[in-house]
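Each chain, written out:
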Amino acid sequence: MKKGILLLNLGTPDSPEPPDVATYLREFLMDERVIDVNPVWRYILVNWIIVPSRSKSSSALYKKIWTKRGSPLLFHGRDLRDNLASVLGEEYIVALGMRYRNPSVREALIRLRDQGAGSIHVLPLYPQYASSSTQSSLEETERCLHELNLKVPVSRTTYFFNDPGFIQCFAHNAGKFDLTTYDHFLFSYHGLPERHIYQSARELGISSCSIGTCCDQLTPDNERCYRAAAFATTRMLVKELGIPEGKYTTAFQSRLNNKWLKPFSDHMIREWGKAGKKRILAFSPSFVADCLETTYEVGTEYLEIFREHGGEQLDLVPSLNADLSWAEALAAMIRK
């Protein structure tokens, strides 16, 4: 019996056209772990307000990053799947599933079943644990396993932000830049509502959380706190790269309102431009594949913001995508 590996990622529209983008947004935003409000209000908010108002604008953005191979998130995922299978060898079967849209988690599990997987290791490709990404993907996997009546041993990786291989791969990509030429370094993580951090604290049995200095040190109690894990990832990358204290900032992007994790990445970019900084190097270590949030939001929008406020150059460290060294690091995680 072969060992099955299920790689999970968030997902992408089937095409950049407005109807497909609307379908993706609707499926994504109707997840109760993404918008955790009353189901009736969530239905109204998503189907009557957000999707109608954002489908066309989001479609225009997806068209800016779409390639002949399709969505970068998807083709990088497929390439990583194939590279990982090659590194692991014939003892393993590797499948890729997306939490939203295609290929679905159910399709990936069927592939593993039909190819004779006698066990399954589930590996969500989110370095830092979050309820709205990691837990949602794991719960969808459980639902599909039950629906398919797939009774095999199942193990899981819930986070890998502190994995040495993950850190070294990102540091290697940063090594392609001359770090001595930058005034400041931005470590930009996908934002979350602050209430998600409070909820995670309650789930971990932490009675009080102030979203403060408790995240400055990593402990067994806060390894599944998204904010603490983000700060820890930054510290490990800074140490690996030898970036001096005072020359880097951890911030959060892609917010929907002001009740999300702070500081906001775009605000920091604006302030650095006004302060006379000329060159910024940005990292997006909550993503292992380049996508709309990295290539366009950070690589294009943040560069425009920086230049509008006096800056000159903002470079983005590429994500890990399907690099062979990343496949090897994942293989090492799996074998452990």
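What counts and how
- Residues numbered from 1 in each chain as written.
- Predicted model: local features only at pLDDT ≥ 70, side-chain atom pairs only at ≥ 80, totals over all residues.
- Heavy atoms only, no water.
- Pairing = 2+ DSSP bridges.
- Helix = DSSP H or I, 4+ residues; strand = E, 2+ residues; numbered from the N terminus.
- Axes fitted to C-alpha atoms, helices over the stretch in contact; angles between N-to-C directions.
- Contact = heavy atoms within 4.5 Å.
- Buried < 20%, exposed > 50% of the residue type's maximum accessible area, 1.4 Å probe, protein only.
- Parallel < 35°, antiparallel > 145°, perpendicular 65-115°, else oblique.
- Left-handed = near helix turned anticlockwise from the far one by under 90°.
- Nonpolar A, V, L, I, M, F, W, Y, C, P; charged D, E, K, R; others polar.

Draft legend 1. Fine view of the sheet that holds strand β4 (residues 154-156). Reading across the sheet, the four strands line up as β2-β1-β3-β4 and stay open at both edges, with parallel pairing between neighbours. Only two strands of the sheet have a single neighbouring strand rather than two, namely β2 (92-100) and β4. Across the sheet, the axes of successive neighbouring strands diverge by a mean angle of 25°, strand direction being ignored. Bridge count between strand β1 (residues 2-11) and strand β3 (residues 117-124): seven bridges; the pairing is parallel. Bridge pairing in β3 links glycine 4 to isoleucine 120. Helix α4 (residues 105-114) rests against β1, β2 and β3 of the sheet, and its axis sits at about 165° to β2. Lying on the sheet, helix α11 (residues 324-335) is in contact with β1, β2 and β3; it crosses β3 at an angle near 120°.

Draft legend 2. Layout of unusual backbone geometry. Proline 103 follows asparagine 102 through a cis peptide bond whose omega is -5°. Residue proline 263 follows lysine 262 across a cis peptide bond; omega there is 0°. Turning to its location among the elements, proline 263 is positioned in the loop between β6 (248-253) and α9 (265-274). Positive phi, normally seen in glycine, also occurs at asparagine 149, with a value near 55°. Here asparagine 149 shows up in the loop between α5 (131-147) and β4. One non-glycine residue, asparagine 321, lies in positive phi territory at about 50°. Among the residues examined, asparagine 321 registers a relative accessible area of 11% and is labelled buried.

Draft legend 3. Looking closely at the packing of helix α1 (residues 18-29) against helix α2 (residues 39-65). The interhelical angle for the contact between α1 and α2, taken along N-to-C directions, is 135°, at an axis separation of 8 Å. By the angle between their axes, α1 is oblique relative to α2. Crossing angle aside, the handedness with which α1 passes α2 is right-handed. Of the residues in α2, those in contact with Pro18, Val21, Ala22, Tyr24, Leu25, Arg26 and Leu29 of α1 are Arg42, Val46, Asn47, Ile50, Val51, Arg54, Ser55, Ser58, Ser59 and Tyr62. For the contact of α1 with α2, a count of residues per class yields ten nonpolar, four polar and three charged.

Draft legend 4. Fine view of the environment of arginine 81. As for its placement among the helices and strands, arginine 81 is situated in helix α3 (residues 72-88). Among the residues examined, arginine 81 registers a relative accessible area of 16% and is labelled buried. Between the C-alpha atoms of arginine 81 and glycine 299, which are 218 residues apart in sequence, the distance is 25 Å. Ignoring anything within four residues of it in the chain, the contact list for arginine 81 reads Leu7, Val94, Ala95, Leu96 and Arg111.

Draft legend 5. Spotlight on the sheet that holds strand β5 (residues 184-190). One open sheet accounts for four strands, arranged β6-β5-β7-β8; its pairing is parallel. Each end of this open sheet is capped by a strand with a single partner; those strands are β6 and β8 (313-316). Here the average twist between neighbouring strands, direction ignored, is 25°. Pairing geometry for strand β7 (residues 279-283) and β8, over four bridges, is parallel. When the bridges of β8 are listed, leucine 281 appears paired with aspartate 315. Contacts between helix α8 (residues 226-241) and the sheet are confined to β5, β6 and β7, with β5 contributing the most and set at about 150° to the helix.

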